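Each chain, written out:
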Amino acid sequence: MAQKRVPVLSQKPVSANVIRSTVTSKINAAFVNRRGRLFPQDKTYDESTDLFDDLSRDGRERIKAENQRIGRAVERLVDQKMASGFQVDKGTSEETIRRLRSLHARGARLAGPDTPDSVYELAAALHEEAPWLAQVSTSIMNQGLAHIAAGGVGLRFDPMILVGSPGCGKTHFARLVAEFARTPREIIDVGAGGAGFRVSGMEQGWSTARSGVPVELITETAVANPVIIVDEICKVGGTISSASVAATSLTTSLLQVLERSSAGHFVCPFLRTRFDLSHVNWILTANYEHQIPEPLLDRCQVFRVDASRPEHLVAFFKRAAGGDAEPEELERVGVFIEEMCDAGRPPSLRQIGRLAKSLRAPRRDMLM
């Protein structure tokens, strides 16, 4: 698996306790201590002579001019130091500051496949677990092979939307992508509210101010290409209007990060500095395509998910049940699934998962 590192944080974090006057004072003291070397004098002094003992008018003018030169040099250096860093919020923990400094100094690693063989292994594992999503795993494989052929490493694919009925395995598949690629992942549930702020973050000054999920995940894991899952994006609604603050917030926030060109210059409103989010992989899920905002459809690959084939559902049940299902039970479940599919009402993966769990529970009770 890949270990290459890439820069993600352009500025060095500075503790909120470090103010300009403190920096100026320290730098000025250092300049004064090194006055002789930094500003050599025209006049030659013997070892017993101190520059400050020369109280003549010329001596005082010389000292004044040198102090002015030192002052200007100090200001320039302070400007450079303050401009090259950003001040973190006073409530930010020391551990977070340490991680941010490490990100600035070392960058974040790229996790996931780093050879064509590892790309094939990832695609094969995904196909085995979710054969009804073969089109998606094939797309991830093709993009991964192209990425490595171009000299890249790590998991990388274009933003995608998985559209399908509830319980067809969309979120389950998204989790598997991160799990098999060994990348961090996080789920943003649109139905929970405040999803827009969870994507972009909230600026300082609010009681709930914090960075968004992508920035926090990269900071915590030092991985530049995690998988972010936005669940049930269809709950945003199909239009962007001022009447729907939540929809506008989430859609606008996603538009900043779904395109790699803009994601590479993302400014975190909480930290007030630029983060490179161009390596993040996005998987959005939806139950109904017509409720997804057009700007999101335009920026994502859209895959229709159908898990209604009996052989796929039976295979999922076998994996969920593990070694707890007897051959007779598997046969009965297979017949049940086929009958439901023939009737046009295939059971969802959630229902099959609960059925497998019910078979395991009595066996655990017998062992206790």
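The model shown is predicted, which means the values in this text are computed figures rather than measured ones.

### So, the sheet that holds strand β12 (residues 281–286)
Strand pairing in a sheet is mediated by backbone hydrogen bonds. Such pairs are either parallel or antiparallel. Taking strand neighbours across the sheet as the criterion, the 5 strands line up as β6-β9-β12-β5-β13 in an open arrangement whose pairing is parallel. Of all the strands in the sheet, just β6 (185–189) and β13 (301–304) have a single pairing partner and so form its edges. Within this sheet the neighbouring strands show an average axis-to-axis angle of 20 degrees, counted without direction. Summarising the sheet, strand β5 (residues 160–163) and β12 pair through 4 bridges and their orientation is parallel. Bridge pairing links Ile-161 to Leu-284 in β12. Seen against the sheet, helix α9 (residues 213–221) touches β6, β9 (227–231) and β12 and runs at an angle of roughly 160 degrees to β6.

### What about the pairing of β5?
In β5, alternate side chains face the same way, and those of Met-160 and Leu-162 on one face and Ile-161 and Val-163 on the other are all buried. Examined bridge by bridge, β5 and β13 share 4 bridges and lie parallel to one another. By the bridge assignment for β13, Ile-161 is matched with Val-302.

### Here we look at a positive patch on the surface
Together, Arg-175, Arg-185, Arg-350 and Arg-354 make up a region of like positive charge exposed at the surface. For Arg-354, the location among the structural elements is in helix α15 (residues 349–367).

### Let's talk about the confidence of the model for the chain
In the predicted model, the chain carries a mean pLDDT of 79, and the fraction of residues at 70 or more is 77%. In this model residues 238–248 is a low-confidence stretch, pLDDT under 50, and it forms 11 contacts with partners more than four residues away in sequence or in other chains. Across residues 364–368 the pLDDT falls below 50, and counting only partners more than four positions away or on other chains, this stretch makes 0 contacts in the model.

### Quick notes on the packing of helix α5 (residues 116–129) against helix α6 (residues 134–149)
At a closest axis distance of 9 Å, the pairing of α5 and α6 adopts a crossing angle of 170 degrees. By the angle between their directions, the pair α5 and α6 is classed as roughly antiparallel. Residues Pro-116, Val-119, Tyr-120, Leu-122, Ala-123, Leu-126 and His-127 of α5 touch α6, and the partners they reach there are Ala-134, Ser-137, Ile-140, Met-141, Gly-144, Leu-145 and Ile-148. Of the residues in the contact of α5 with α6, the class split is 11 nonpolar, 3 polar and no charged.

### With respect to unusual backbone geometry
Of note, Glu-232 is a non-glycine position whose phi angle comes to about 60 degrees, a positive value. As for its placement among the helices and strands, Glu-232 is situated in the loop between β9 and α10 (245–258). A residue is classified by how much of its surface remains accessible, and Glu-232, at 21% relative accessible area, is partly exposed. With a phi angle near 60 degrees, Arg-272 is a residue other than glycine that sits in the positive phi range. Within the secondary structure layout, Arg-272 lies in the loop between β10 (266–268) and β11 (273–275).

### Some thoughts on the nonpolar core
Counting residues in hydrophobic clusters, the biggest one holds 46 residues, and the most contacted among them are Ile-233, Leu-254, Phe-275, Leu-277, Trp-282 and Ile-292. Counting 35 residues, the second largest nonpolar core, distinct from the first, contains Phe-157, Phe-173, Ala-174 and Ile-187.

### Focus: the environment of Ser-253
The topology assignment puts Ser-253 in helix α10. In sequence terms Ser-253 and Val-199 are 54 residues apart; their C-alpha atoms lie 6.2 Å from each other.

### A few points about the environment of Lys-12
On the secondary structure map, Lys-12 appears in strand β2 (residues 12–14). For Lys-12, a relative accessible area of 45% gives the class partly exposed. On a C-alpha basis, the gap between Lys-12 and Arg-101 in space is 6.1 Å, while along the polypeptide they are 89 residues apart.

### Some words on α5
Taking 1.5 Å per residue as the helical rise, α5 with its 14 residues ought to reach 20 Å, and the 20 Å between its terminal C-alpha atoms agrees with that figure. For α5, the set of buried residues is Ser-118, Val-119, Leu-122, Ala-123 and Leu-126. The buried residues of α5 occupy one face: seen down the axis, they fall within an arc of 140 degrees. Residues Asp-117, Glu-121 and Glu-128 are exposed on α5 and point more than 90 degrees away from its buried face. If you follow the buried residues of α5, they end up packed against α6 and α7 (170–181).

### Some points on the pattern of salt bridges
Note on pairing: side chains with opposite charge can pair once their charged atoms come close. Within this structure, the stated rule accounts for 6 salt bridges. A salt bridge links Arg-99 to Glu-95; the shortest N-O distance between them is 3.1 Å. Of the two residues, Arg-99 and Glu-95 are both situated in helix α4 (residues 94–106); the distance of 4 residues between them amounts to about one turn of the helix. Taking relative accessible area as the criterion, Arg-99 reaches 30% and is therefore assigned partly exposed. Residue classification places Glu-95 among the partly exposed positions, given a relative accessible area of 35%. Residues participating in the shared-partner salt-bridge network are Glu-95, Arg-98 and Arg-99.

### A closer look at the packing of α4 against α9
Interaxial distance between α4 and α9 falls to 8 Å at its minimum, and their mutual angle equals 85 degrees. Regarding the angle of α4 to α9, the classification is roughly perpendicular. Facing α4, whose interface residues are Thr-96, Arg-99, Leu-100 and Leu-103, α9 presents Ile-218, Thr-219 and Glu-220.

What counts and what doesn't
Along each chain, residues carry numbers from 1 onward, in the same order as the chain's sequence is written. pLDDT decides what is reported in this predicted model: residues at 70 or higher carry local features, side-chain atom pairs at 80 or more are listed and counted, and totals for whole chains, interfaces and linings draw on all residues regardless. Heavy atoms throughout the structure, all of them, feed into the side-chain values; hydrogens and water do not. Should DSSP find at least two bridges between two strands, the strands are taken to pair. Per the convention used, a helix needs a DSSP run of H or I reaching at least four residues, while a strand needs a run of E reaching at least two, with both numbered from the N terminus. Interaxial angles span 0 to 180 degrees and are taken between N-to-C directions of axes, which are lines fitted to C-alpha atoms, for helices over the stretch in contact. Residue contacts are defined here by distance: any two heavy atoms, one from each residue, within 4.5 Å place the two residues in contact. Buried means the residue's accessible area, taken with a 1.4 Å probe over protein chains only, is under 20% of the maximum for its type, while exposed means over 50%, and partly exposed covers the values in between. Here the term patch refers to residues with relative accessible area over 30% and no salt bridge, with like charges joined within 9 Å and nonpolar side chains (Val, Leu, Ile, Met, Phe, Trp, Tyr) within 5 Å. Accessibility throughout is a Shrake-Rupley quantity obtained with a 1.4 Å probe, and a residue counts as covered only by protein chains that appear here. Put simply, a salt bridge is a Lys or Arg side-chain nitrogen that is within 4 Å of an Asp or Glu carboxyl oxygen. The convention is simple: Lys and Arg are positive, Asp and Glu are negative, and His and the chain ends are not counted. The location of each charge is read from NZ of Lys, CZ of Arg, CG of Asp or CD of Glu. By definition, pLDDT measures how confident the predictor is in each residue, and it falls between 0 and 100. If an angle is under 35 degrees, it is roughly parallel; if it is over 145, roughly antiparallel; if it lies from 65 to 115, roughly perpendicular; otherwise it is oblique. For this scheme, ten residues count as nonpolar: Ala, Val, Leu, Ile, Met, Phe, Trp, Tyr, Cys and Pro. Four count as charged, namely Asp, Glu, Lys and Arg, and the remainder, Gly too, count as polar. Only buried Ala, Val, Leu, Ile, Met, Phe, Trp, Tyr and Cys residues count toward a nonpolar core, and they belong to the same one when joined by side-chain atoms within 4.5 Å. In this scheme, a helix's expected span is set at 1.5 Å multiplied by one less than its residue total. The directions considered for the arc are those from the helix axis to the C-beta atoms.

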